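Breakdown of the fold
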Amino acid sequence: AQTVTQSQPEMSVQEAETVTLSCTYDTSESDYYLFWYKQPPSRQMILVIRQEAYKQQNATENRFSVNFQKAAKSFSLKISDSQLGDAAMYFCAYSNYGGATNKLIFGTGTLLAVQP
Amino acid sequence: GAGVSQSPRYKVAKRGQDVALRCDPISGHVSLFWYQQALGQGPEFLTYFQNEAQLDKSGLPSDRFFAERPEGSVSTLKIQRTQQEDSAVYLCASSLPAGLAGFNSYNEQFFGPGTRLTVL
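Throughout this description, residue numbers start from 1 for each chain and increase along the sequence as written. Chain labels run from A onward and ligand labels from 1 onward, assigned in the order the entries are written. In view of the model being predicted, local features appear only for residues whose pLDDT reaches at least 70, and side-chain atom pairs are presented and counted only at 80 or more, with totals across whole chains, interfaces and linings using the full set of residues. Based on all heavy atoms of the structure, the side-chain values leave hydrogens and waters out of the count.

Some points on the overall build of chain B
The following threshold applies: Secondary structure follows DSSP: runs of H or I at least 4 residues long count as helices, runs of E at least 2 residues long count as strands, and numbering of each begins at the N terminus. Burial here depends on accessible area, computed with a 1.4 Å probe over protein chains only, as a share of the maximum for the residue type. Under 20% is buried, over 50% is exposed, and the range in between is partly exposed. Note on definitions: a residue-residue contact is assigned when non-hydrogen atoms from the two residues lie within 4.5 Å. Working definition of accessibility: Shrake-Rupley area with a 1.4 Å probe, residue cover restricted to the visible protein chains. Note on charges: Lys and Arg go in the positive column, Asp and Glu in the negative column, and His and the chain ends are not counted at all. Taken as the charge location is NZ of Lys, CZ of Arg, CG of Asp or CD of Glu.
When helices and strands are tallied, chain B shows zero helices and 11 strands. Going residue by residue from the N terminus, the α and β elements of chain B occur as β-β-β-β-β-β-β-β-β-β-β. A principal-axis box enclosing the C-alpha atoms of chain B has dimensions of 45 × 30 × 30 Å. Taken over 120 residues, chain B has a buried fraction of 48%. Considering only residue pairs separated by 6 or more positions, chain B has 55% of its internal contacts joining residues 24 or more positions apart. With the model as given, the accessible surface of chain B reaches about 5,700 Å², and the carbon-plus-sulfur share is 49%. Here chain B contributes 11 positively and 11 negatively charged side chains, and the mean placements of these two sets differ by 8 Å.

Quick word on the state of the cysteines
By definition, a disulfide links two cysteine residues through a covalent bond between their sulfur atoms. Which entries qualify depends on this criterion: Throughout, disulfides are identified as pairs of cysteine sulfur atoms within 2.5 Å of each other.
For the structure on display, the rule yields two disulfides over all chains. A disulfide bridge connects Cys23(A) with Cys92(A), and the sulfur atoms are separated by 2.0 Å. Looking along the S-S bond of the Cys23(A)-Cys92(A) disulfide, the torsion reads about -70 degrees, which is the left-handed sense. With Cys23(A) in the loop between β3 (19–21) and β4 (24–26) and Cys92(A) in strand β10 (residues 88–96), this pair connects stretches of sequence that are 69 residues apart. As far as burial versus exposure is concerned, Cys23(A) and Cys92(A) are alike and both buried. Covalent S-S linkage joins Cys23(B) and Cys92(B), the inter-sulfur distance amounting to 1.8 Å.

Looking at the environment of Lys55(A)
Residue and element names in this part refer to chain A. Summarising the element assignment, Lys55 is placed in the loop between β6 (46–52) and β7 (60–61). Here Lys55 falls in the partly exposed class, since its relative accessible area comes to 39%. Between the alpha carbons of Lys55 and Phe68 there is a distance of 9.5 Å; along the sequence they are 13 residues apart.

In short, shape yes, function no, at least from these values alone.
Okay, here's the thing in structure tokens:
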């Protein structure tokens, strides 16, 4: 079975600084998807960034980028120029590639605080 | 509607009561997922529908949990004889079906705001 581990329950960053959130996962599959989701206090889960395992290039979305290390099964999220609105719970998630469903397997989350 | 909606947003039940939680997916989204998020934890998969067919119910924790989607749009998650360990936020997500944009393509899951269930 696939698992996702986030070892940082809480992180803090100064506004305009850079922060990196860590995630490791375990799977026997060679093709899969990895995600970072943001869950603000209102609870609506929002997709931040997605990485296909077969792609060697790290995904980037504006101030958000990932460091995907397939051999190490590591998938970290870097937030550059942190903003107050980035404060939220961040979840790393995994999904199998192909098949009838794309159910997500989540880590336990990292609560990010942004200090003004 | 613009997004996934869920109702009620908050539900308090006495232990032993039955509850029903509703999810309205995004129009045109044939895939629908239910997740359970306990306090301080990440969401955990409960069940998956494609249209009205329940294709995966491997995450339902017990036979007290039942989900349906009779017309392939609105879905209801029912919990019978609620227990305190059922207290959690129940999240619904919808998406276009896997593979619609091409073989092995991925379609983003859009989440609703969740229903917070508290069992006393």
